[in-house]
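The chain contents come next:
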Amino acid sequence: MNFRLMSGFKNMKLRTKFLISSVLVTFISISIISILHYYISTDSTKTIISSSSEQLLDQVGLNFEQKMNDISETTFTYYQKSNVCSLMESHPGSIMLAQATKQFLYRMINSNEYMNYAMMIGADGSENHWIRQDYSKDQVLNRFSLPDKEIQALKDKRGQVSWAPGSNKFFYAARAMYEPESYTYCGILVIGVDSQHFNDLIHLDQPNSVLAGNLMFLNDQNELMIYSDSTAKELYQAAIASKTNEFSHQDSKYIVTSKTTEHIGWRILNVTSFDRATSHLKALRYWILATFAFAFLLTFINAAVISKYITKKLYVLVNSMKTVSVGALHTVIRTDTKDEIGILTDKFNHMVGEIRELIENISQEKLRTQKAEYNRLQFEYKALQAQMDPHFLYNTLESIHSLARIKGEQEIGHMIYLLGKLLRESINRKEDFIPLKEELSFIVDYLTLQGITYESKLQVKYEIEEEVLASTVPPFILQPIVENAIVHGIEKKPGIGLIHIRCYRNSRDLVMEVEDNGVGMAEDTVNRLISTEQEEVDDHKGRSNVGVISVHKRLQILFGPSYGVTIQSELHQGTKITITQPLK
């Protein structure tokens, strides 16, 4: 499918390609910008919602804790002022105690409009209730009781207030009571708190604001205690089920912000409708679509006009090319512009003129080609003649070698054999690169011949890593270096001379070292040896220096300036020449 689309696009006319490309680029660009703008606006709205909600919760939290502290202090104050605990100890089960208890509950409820229920459970298990008249028919309050397990839990809290849910109209505050002086357990006090008392907190934010949310209050057990209506309860259940601060409910998205109060440990949730908060973005979407349509239309018109202007001139150029292709080499296109098409037209006129001159020179070019071919044959003939002398010398050495062996001159015969072998390898090496193993074989034969010449004065040591033997190197890369070590290092030194040859891998490079214990060189001599070109010198030093320079330049030409020959030498101590090239 993709191949067919690409093939079809390639076969379209240039104007069609230009139109499609311009429209497509505009469409993609505006789409990406619009999508990014929308999502950035959405994320910005989320940030504003979270920030505003956190500020709201900070304010609500302070007011809420103040109200809760008022409830706790009120119950504690009325309890301290009453003599209920004393009567429980002195007159348990008496009419006086019952009257005092009812009076205590009555005064507490009527002293605070937000208290609609009170119950006291004595240490002996007796219960006394008092319900505000407005709530006397409330079934939840009439059926309320505390199981023994919860009573024991309140005792364990040693007078601290515990909060429990009731309905959306009220919740409970319960605490264990103790005699103030002896701190003897007297019973349990339960207060029913009217949730309407907290309406000013629930509706603290502006109801008509797009950032308005549903405030909910959860006790330290994460139970829903104070909320506005059943919808808020459903949102609470959905928020608790979600593991993130965003959730969906009935096809609407919501953002949850929470805060835990500092002293009593309640959680306050603010659930904000994200759809309502981002309602202003709907108008933005319409503006984006309108902008997109206008830009799309403008781009199409612009592309159509420009493509027609370009293709009209190209058609003239194409027709002229067809005319030239059938042999009309005097065709000239007139142009009055200096844009790319004008430059192309000028180049075309120039090309046609060049073709005319080229055709006129074809016959002369054929003559030059024939002459060049003749010169090439002459060069090959002379090269063949140049090879005759080395071959003649090699054959002569073979004859001398055979004659020396017949007459019993084994050492002379071996020297002539090695010399002939070296000469033959020098003649036959035509490749640009040879295996390192072959180069080392050549060096072994060369040093064997030199060892016979210098007798016991020359010793050779090899350290060759097996893995580099198959690597390729330029031919005759080591021989000039080894010769330089013998002629300039060991020959001038009294005593035994040692040449140490190492070949090893260093990361991705091949390193070859030739080290001798000869007379060494001064620092300025080392610098001249690499940096100076020496030509037409007759002594051994000249030949060796040219050889080292040749090796250095060959490596840099082949592999770049980071490769070549480096020399480390100290006068009267010896010299180490290192050759570095890529591992191939």
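Parameters and conventions
- Residues numbered from 1 in each chain as written.
- Predicted model: local features only at pLDDT ≥ 70, side-chain atom pairs only at ≥ 80, totals over all residues.
- Heavy atoms only, no water.
- Phe/Tyr/Trp six-rings, centres within 6.5 Å; stacked < 30°, edge-to-face > 60°.
- Helix = DSSP H or I, 4+ residues; strand = E, 2+ residues; numbered from the N terminus.
- Buried < 20%, exposed > 50% of the residue type's maximum accessible area, 1.4 Å probe, protein only.
- Pairing = 2+ DSSP bridges.
- Axes fitted to C-alpha atoms, helices over the stretch in contact; angles between N-to-C directions.
- Contact = heavy atoms within 4.5 Å.
- Expected span 1.5 Å × (residues − 1).

Okay, the packing of aromatic side chains next. Evaluation of the coordinates by the stated rule reveals 11 aromatic pairs. Pairing Tyr117 with Tyr172 gives two aromatic rings, centres 6.3 Å apart and planes at 75°, and the pair type is edge-to-face. Taken as a pair, Tyr117 in strand β1 (residues 115-122) and Tyr172 in strand β4 (residues 170-178) lie far apart in primary sequence, 55 residues in all. A single burial state applies to Tyr117 and to Tyr172, both of which are buried.

Here we take up the sheet that holds strand β17 (residues 574-582). Spatial strand order, β12-β14-β15-β17-β16: five strands in an open sheet with mixed pairing. The outermost strands of the open sheet, each flanked by one partner alone, are β12 (458-464) and β16 (564-570). Neighbour to neighbour, the strand axes of the sheet diverge by 15° on average, direction disregarded. Together, β12, β14 (497-506) and β15 (509-516) form the strand contacts of helix α14 (residues 436-454), whose direction differs from that of β12 by roughly 165°.

Take the pairing of β1 next. Regular strands show a simple pattern: their side chains alternate between the two faces of the sheet. Counting buried positions over the eight residues of β1 gives eight, a clear majority of the element. Sheet topology note: the β1/strand β5 (residues 185-194) ladder contains seven bridges and is antiparallel. Bridged to Gly122 within β5 is Gly187. The sheet contact formed by β1 and strand β2 (residues 127-131) spans five bridges and is antiparallel. When the sheet's bridge partners are listed, Ala118 is paired in β2 with Trp130.

Once that is clear, we can look at α14. Two residues of an α-helix separated by three or four positions point the same way, owing to the 3.6 residues in each turn. Helix length check: α14 (19 residues) gives 26 Å between terminal C-alpha atoms against 27 Å at 1.5 Å per residue, within 8%. For α14, every residue scored as buried is listed here: Leu436, Glu439, Leu440, Phe442, Ile443, Asp445, Tyr446, Leu447, Leu449, Gln450, Ile452 and Tyr454. After α14 finishes, the residue Glu455 shows a positive phi value of roughly 55°.

Our next topic: the sheet that holds strand β9 (residues 252-260). Read across the sheet, five strands follow the order β7-β6-β10-β9-β8 without closing on themselves; strand pairing throughout is antiparallel. In this open sheet, the two strands that pair with only one neighbour each are β7 (224-226) and β8 (246-249). Across the sheet, the axes of successive neighbouring strands diverge by a mean angle of 40°, strand direction being ignored. Of the pairings in the sheet, the one linking β9 to strand β10 (residues 267-273) comprises seven bridges and is antiparallel in character.

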